[in-house]
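Inside the fold
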Amino acid sequence: MSLPFFHLAPDLTVSKLCFGTMTFGEQNTLSQSFRLLDEGFFVAGINFLDTAEMYPVPQHRTTQGRSEEYISRWMRARKVPRDRIILATKVTGPSGQMVWIRGGPKSLDACNISEAIDNSLLRLCTDYIDLYQIHWPDRYVPMFGETEYDPTRHYTSVDIEEQLDALGKAIDAGKIRYVGLSNETPYGVMKFLQLAGNFGLSSKIIAVQNSYNLLCRNFDSGLAECCHHERISLLAYSPMAMGILSGKYLSPDSGPPDARMNLFKGKYSEGESRYKLSSSTEYVRIAVKYGVSPASLAIAFVLRHPLVASAVFGATKVWQIKEVLEATKIDLSADIIAEINEVHARYPNPCP
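None of the values given here were measured: they were computed from a predicted structure.

What about the overall build of the protein chain?
Looking only at helices and strands, the protein chain features twelve helices and ten strands. Its C-alpha atoms give the protein chain a radius of gyration of 19 Å, within 12% of the compact-globule value 20 Å for 352 residues. Its C-alpha atoms give the protein chain principal-axis dimensions of about 55 × 50 × 40 Å. Across the 352 residues that make up the protein chain, the buried fraction comes to 58%. Taking the intrachain contacts of the protein chain between residues at least 6 apart in sequence as the baseline, contacts between residues at least 24 apart amount to 77%. Here the protein chain has roughly 15,000 Å² of accessible surface; of this, 52% comes from carbon and sulfur atoms. Put simply, the protein chain has 36 plus and 38 minus side-chain charges, and the middle of one group is 5 Å from the middle of the other.

Structural notes on the pairing of strand β6 (residues 129-134)
By the criterion of burial, β6 is predominantly enclosed, with six of the six residues buried. Across four bridges, the pairing between strand β5 (residues 86-91) and β6 is parallel. Among the inter-strand pairings, Val 91 is bridged to a residue of β6, identified as Ile 134. Viewed along the sheet, the connection from β5 through helix α3 (residues 110-124) into β6 turns out right-handed. Relative to strand β7 (residues 176-182), β6 runs parallel, the two sharing five bridges. Its bridge partner being in β7, Ile 134 is matched across the sheet by Leu 181. Between the parallel pair β6 and β7, the chain is carried across by helix α4 (residues 160-172), and the sense of this crossover is right-handed.

Remarks on the packing of helix α5 (residues 186-196) against helix α6 (residues 223-230)
For the pair α5 and α6, the least separation of the axes is 9 Å and the interaxial angle reads 25°. As the angle between them shows, α5 and α6 are arranged roughly parallel. Of the two elements, α5 crosses α6, and the hand of that crossing is left-handed. Between α5 and α6, the contacting residues are Pro 186, Val 189, Met 190 and Leu 193 on the first element and Leu 223, Cys 226 and Glu 230 on the second. Along the lines of polarity and charge, the residues of the contact of α5 with α6 split into six nonpolar, no polar and one charged.

Focus on the sheet that holds strand β10 (residues 308-313)
To summarise the sheet geometry, strands pair through backbone hydrogen bonds and adopt either a parallel or an antiparallel arrangement. Strand order in this closed barrel of eight strands is β3-β4-β5-β6-β7-β8-β9-β10, and the pairing throughout is parallel. Neighbour-to-neighbour, the strand axes of the sheet open up by a mean angle of 30°, direction not taken into account. The strands that α5 touches are β6, β7 and β8 (205-211); relative to β8, the one it contacts most, it runs at about 165°. Packed on one face of the sheet, helix α10 (residues 294-303) meets β3 (17-20), β9 (233-237) and β10 and runs near 155° to β10.

Things to note about the state of the cysteines
Covalent bonding between the sulfur atoms of two cysteines defines a disulfide. Considering all chains together, one arrives at zero disulfides under this definition. Its sulfur unpaired, Cys 216 is 7.9 Å from the next cysteine sulfur, which belongs to Cys 351. With no disulfide of its own, Cys 227 has Cys 226 as its nearest cysteine by sulfur position, at a separation of 6.5 Å. A relative accessible area of 1% means that Cys 227 is categorised as buried.

Rules used throughout
Starting from 1, residues in each chain are numbered consecutively following that chain's sequence as written. The predicted origin of the model limits local features to residues at a pLDDT of at least 70 and limits the giving and counting of side-chain atom pairs to 80 or more, whereas totals for whole chains, interfaces and linings rest on all residues. To obtain the side-chain values, all non-hydrogen atoms of the structure were included, while hydrogens and water were left out. Here a helix means four or more residues in a row that DSSP labels H or I, a strand means two or more in a row labelled E, and each is numbered from the N terminus. For this measure, only C-alpha atoms enter the radius of gyration; the expected value for a globule follows 2.2 Å times N^0.38, where N is the number of residues. Exposure classes here rest on a 1.4 Å probe applied to the protein chains alone. A residue is buried below 20% of its type maximum, exposed above 50%, and partly exposed in between. Contacts: residue pairs with any heavy atoms within 4.5 Å of one another. The accessible surface values rely on the Shrake-Rupley method and a 1.4 Å probe; as for residues, cover is taken only from the protein chains in view. Working convention for charge: Lys and Arg count positive, Asp and Glu count negative, and His plus the chain ends are omitted. Taken as the charge location is NZ of Lys, CZ of Arg, CG of Asp or CD of Glu. Here, a strand pair is defined by DSSP locating no fewer than two bridges between the strands. Convention used here: a crossover is right-handed provided that the path from the first strand, over the helix, to the second strand proceeds clockwise when the strands point away from the viewer. Axis lines are fitted to C-alpha atoms, over the contacting stretch for helices. Their N-to-C directions set the angle, which ranges from 0 to 180 degrees. In what follows, roughly perpendicular refers to angles from 65 to 115 degrees, roughly parallel to angles under 35, roughly antiparallel to angles over 145, and oblique to any angle outside these ranges. Two helices that cross are described as forming a left-handed crossing if the nearer one is turned anticlockwise from the farther one by less than a right angle, and a right-handed crossing if clockwise. Polar here means any residue other than Ala, Val, Leu, Ile, Met, Phe, Trp, Tyr, Cys and Pro, which are nonpolar, and Asp, Glu, Lys and Arg, which are charged; Gly is therefore polar. Put simply, a disulfide is two cysteine sulfurs that come within 2.5 Å.

Right, here's the structure in full:
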């Protein structure tokens, strides 16, 4: 079976598996990253790469931007034609913590967006970015594990109109082709789409990259309806919940020492607070019962969603890519889905 593809836009066809590269430059060295990209592109046929200006993670002043740089160095070394790869990257939202990225960054205003685009183009050594995404909103929203909106935390944020204007100018300049949102809410998606027409961008916002996996199905509660009617595709990140759904952390020794949750224990607060083992044992049991690997079951579940354009997965070893590929060959039966939904009914979204 060949790798399936999806038409994200009329002139933008992506593989249903997207290689997320946030480990490049931290967990993976340059040579290791090259080996992974070789396997993903030349062997597996994956043409879709996702990165961000802040990567790798855990984020640090001395490593910021390496993931983008490793991709460009690989493309040059392997002489990969630019039109053979779909490149997606992201502008960092306001955090106040990453002071080495434009002072925090303090906001997602036009100046920050424009500067971020130019810097990513330099690191990627390319004339254009296929999909440029806002990593997280400028305004307050519950995200990265939070579930409830707190009106008292609202603050004055940069107008969406200003962000759209900057993105529109970048499109007009040929620097980016399409726009994506990330870690967004139904309100945010609809507000961007409502205002996009004022800037001639109605057909340019094409995707939202949010977490979606067996432990986090929040997308289905509100965003799914928005995306269905507005023809916005989901790029599902963390399809294995930071590796938890592979079952590796359930072993008596809590998994390999070089696994992310062990390697960065105490250094990656967002991941540690958000992704818990929780009901993952139930999904591992289902996988074993039906003779598939837990990782393949997790990816196959995401890929079967009708609104998912691509599953954004990460891998630090070649064998992990091969395991992910197996998911594209799995047709989840009605019995498997029934058992998955029964577990979800008992443990709904334990890792939001």
